[in-house]
Amino acid sequence: MEKFSKKIVVRMAPSPTGNLHIGTARTTLYNYLFAKRNGGKFILRVEDTDTERSTKEFEQNQLDGLAWLGLTYDEFFRQSERTDVYVSYVKELIESGHAYISKEVVTEVGQRTEVIRFKNPNKKVSFEDIVRGTVEFDTTDLGDFVIARSIEEPLYHLAVVIDDHEMGVTHIIRGEDHISNTPRQILIQEAISAQRPIYAHIPLILDSDRKKLSKRKHGAAVWIDTYKLEGYAPSALLNFFAFLGWNPGGEREVYSLAEMTDIFDLERVQKGSAIFDIEKLKWFNKEHLKLLPEETIKKEIKNAVEHSQKYLSKHWNLTGEILTKSWKIMFERISNWKELSELVDAGEFDYLFEQPALTTSLLFWKDEKDALITKNHLVKVRDILSNLSDDNFSAENLKASIWDYATESGRGSVLWPLRTALSGKEKSPDPFVLGEILGKKETLGRIAFAEEKLS
RNA sequence: GGCCCUAUCGUCUAACGGUUAGGACAAGGCCUUCUCAAGGCUUAAAUCAGAGUUCGAUUCUCUGUAGGGUCACCA
């Protein structure tokens, strides 16, 4: 069920002058979704005509980032490899009188004495934009703008128009910051008799100060790499970016790339800019992580734990058994994998690996600072638990066997010392879960250790 | 400053002339509970302002205001 009679062709045209940017990723996503939704073709075209600032490293970073996100393309071009095409157009433009070689008054170092300028017909240009409707400009104030440094060195506007024409691009989906570039590109299109593509200028992503996200101001926070490193899932990033400026209606928010591909619609793209909210991203990420298979989650958890400084310096061992029993309590406490490394470094899970050092004050429940009473509770609990077999040492069974005693004696009075004896922390998972994770031998050992402290 | 774009809870948004203006994030409260976390329930929170058009405007028009983008021999 295709919406357009002609096969649609879209393109993303990143400039390799920096690492893959959040905004670039989102615009790529919108192009990808639109192409897939309509059975079209998606072209990736590297715009590296600025040889001063473009580098292979940046290009690679951008390609790697898009691959990581899962945004694949059907065709790939590099403008630096298409000089011949541009040269012939420039010559033609000059011959036809649409452009001319201009003698320049040099006022700055590095400035050329001769450039190629477009002969501006100085007229009103209006175009239809899918998200904004009719937009009108008077091109008079643009003057005779420069379209090439020389015959062999086309500038952005020229190269874009020629490529979009040559590649049969039917829809141009790009950031709102390109709106003001559109009239001069339309002028060039008309000069080379190219068909005008359909435009869709999507809203920008702003920071919390409502300013454009910039490398200068936000540093690494604008790079996709940063989110990859912090342990965000590609699908969560995609979902979050898509919903910054678009939503399918209805109340569902969590979608995979494939699911969005089925329902994406440019008509529902927002006009106003959206603010990047890291808290919402974290929420999306957690939702997407929950969707991962259990085995994958365990693998990621093991990886994150083993990458913490603390783990490395302590030579701890996250055995399969501990991992199997404890992955849930770790997973519950994080929204991305890096947070887990940080929690481990902060000592949040020390009790999984070693007998915690205990102080008597930690073992006292609220104002019950009587060592003997506290110790007696622990002795009693240890006695009860020693009757459980290794195989039955589950959280469920632990709770069942201790619960009545705890309720009779005051749950806090019994459970608090028990839990702190096992975890060594004021805050931790409940003692039953801890007991299951630690196993019978270790659990009884830690209780006995606490009893010693109270003697 | 010129030109252009935009305007619903703090944030992301729903509503395509008629709704008690809905949902999500974040925040607060409650439940659960020995403490966390997770989970469940819940509260507060918005149509930028003023004129029109209309029986009726968040929705259409105009003006104002505010915010943003852009003004390169970068892309």
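Rules behind the numbers
- Within each chain, residues carry numbers counting from 1 in the order of the written sequence.
- Following the order in which they are written, the chains are lettered starting with A and the ligands numbered starting with 1.
- pLDDT decides what is reported in this predicted model: residues at 70 or higher carry local features, side-chain atom pairs at 80 or more are listed and counted, and totals for whole chains, interfaces and linings draw on all residues regardless.
- Only DSSP runs of H or I reaching four residues or more are called helices, and only runs of E reaching two or more are called strands; each is numbered from the N terminus.
- Note on method: radius of gyration uses C-alpha positions; expected globular size equals 2.2 Å times residues raised to 0.38.
- Residues with at least 20 neighbouring C-beta atoms inside 10 Å of their own are called buried, those with 12 or fewer are called exposed, and the rest are partly exposed, where every C-beta is derived from the backbone.
- By definition, residue pairs are in contact when their C-beta atoms, positioned from the backbone, come within 7 Å.
- Note on definitions: a residue is near a molecule or strand provided its C-beta atom, placed from the backbone, lies within 6 Å of it.
- Three residue categories are used. Nonpolar comprises Ala, Val, Leu, Ile, Met, Phe, Trp, Tyr, Cys and Pro, charged comprises Asp, Glu, Lys and Arg, and polar comprises the others, including Gly.
- By definition, a nonpolar core groups buried Ala, Val, Leu, Ile, Met, Phe, Trp, Tyr and Cys residues that are joined through C-beta atoms within 7 Å.
- Two strands qualify as a pair provided that DSSP identifies no fewer than 2 bridges between them.
- Looking down the strands as they point away from the viewer, one classifies a crossover as right-handed if the path from the first strand across the helix to the second runs clockwise.
- What pLDDT reports is the predictor's confidence in each residue, on a scale of 0 through 100.

Focus on the overall build of chain A
Here's step 1: Of regular secondary structure, chain A possesses 19 helices and 13 strands.
Here's step 2: Expected size for 455 residues packed as a compact globule is a radius of gyration near 23 Å; at 31 Å, chain A overshoots this value by more than 25%.
Here's step 3: Summarising its shape, the C-alpha atoms of chain A cover approximately 100 × 55 × 35 Å along the three principal directions.
Here's step 4: Counting every position in chain A, which comprises 455 residues, the buried fraction comes to 34%.
Here's step 5: In chain A, the proportion of contacts linking residues at least 24 apart, taken out of those at least 6 apart, comes to 75%.

Details of the protein's contact with RNA strand B
Here's step 1: Within the structure, RNA strand B sits among 58 residues, and Ser15, Glu47, Gly272, Arg411 and Asp430 are positioned closest to it.
Here's step 2: Counting only elements with at least two residues in the surface near RNA strand B, the list comes to strand E7 (133–138), strand E8 (146–150), strand E13 (274–275), helix H10 (278–290) and helix H18 (411–423).
Here's step 3: If one sorts the elements of the surface near RNA strand B by residue count, H18 sits on top with five residues.
Here's step 4: Within the surface near RNA strand B, the residues separate by chemical class into 18 nonpolar, 13 polar and 27 charged.

Digging into the environment of Ser126
Here's step 1: Relative to the helices and strands, Ser126 is located in strand E6 (residues 124–129).
Here's step 2: Residue classification places Ser126 among the exposed residues on the basis of 11 C-beta atoms within 10 Å.
Here's step 3: A C-alpha to C-alpha distance of 14 Å links Ser126 and His201, two positions 75 residues apart in sequence.
Here's step 4: Those residues in contact with Ser126 that lie beyond four places of it in its chain are Thr134, Val135 and Glu136.

Notes on unusual backbone geometry
Here's step 1: One non-glycine residue, Asn122, lies in the positive phi region at around 50 degrees.
Here's step 2: Note on placement: Asn122 falls in the loop between strand E5 (114–118) and E6.
Here's step 3: Accessibility expressed as a C-beta count within 10 Å gives 13 for Asn122, which makes it partly exposed.
Here's step 4: Within the chain, Arg210 stands out as a residue other than glycine whose phi angle is a positive 65 degrees.

A few points about the nonpolar core
Here's step 1: Within the largest apolar cluster, 67 residues are counted, with the highest numbers of intra-cluster contacts made by Leu29, Leu158 and Leu237.
Here's step 2: No other element matches helix H1 (residues 22–37), which puts eight residues into this core.
Here's step 3: Those residues within four positions of Leu237 in sequence are excluded, and the remaining contacts are Leu69, Tyr227 and Tyr232.
Here's step 4: Ile334, Leu340, Leu418 and Val433 belong to the second largest nonpolar core, which has 32 residues in total.

Describing the sheet that holds strand E9 (residues 153–154)
Here's step 1: Strand order in this open sheet of four strands is E4-E5-E8-E9, and the pairing throughout is antiparallel. Each end of this open sheet is capped by a strand with a single partner; those strands are strand E4 (99–103) and E9.
Here's step 2: Relative to E8, E5 is paired through two bridges, and the arrangement is antiparallel. Paired with Arg117 across the strands is Val146, a residue of E8.

A closer look at the environment of Ser335
Here's step 1: Note that Ser335 resides in the loop between helix H13 (320–331) and helix H14 (337–345).
Here's step 2: As for Ser335 and Leu229, which are separated by 106 residues in sequence, their C-alpha atoms are 14 Å apart.
Here's step 3: Residues in contact with Ser335, not counting those within four places in the same chain, are Lys282, Asn285 and Lys286.

Section: the pairing of strand E11 (residues 198–202)
Here's step 1: The element E11 is largely enclosed, with a buried count of four among its five residues.
Here's step 2: Summarising the sheet, strand E10 (residues 171–175) and E11 pair through five bridges and their orientation is parallel. Within the sheet, the bridge partner assigned to Ile172 lies in E11 and is Tyr199.
Here's step 3: In this view, the connection linking E10 to its parallel neighbour E11 by way of helix H5 (residues 182–191) has right-handed handedness.

As for the confidence of the model for chain A
Here's step 1: On average, residues of chain A score 95 in pLDDT, and 99% of them are at 70 or above.
Here's step 2: Two summary scores accompany this predicted model of the complex, namely pTM at 0.95 and ipTM at 0.96.

Looking at the pairing of strand E1 (residues 9–12)
Successive side chains on a regular strand alternate, one facing one side of the sheet and the next facing the other.
Here's step 1: In terms of strand pairing, E1 meets strand E2 (residues 41–46) through four bridges, oriented parallel. Bridging from a neighbouring strand, Val9 pairs with Lys41 of E2.
Here's step 2: You can see the chain leave E1, run along H1 and come back into E2, and the turn it takes is right-handed.

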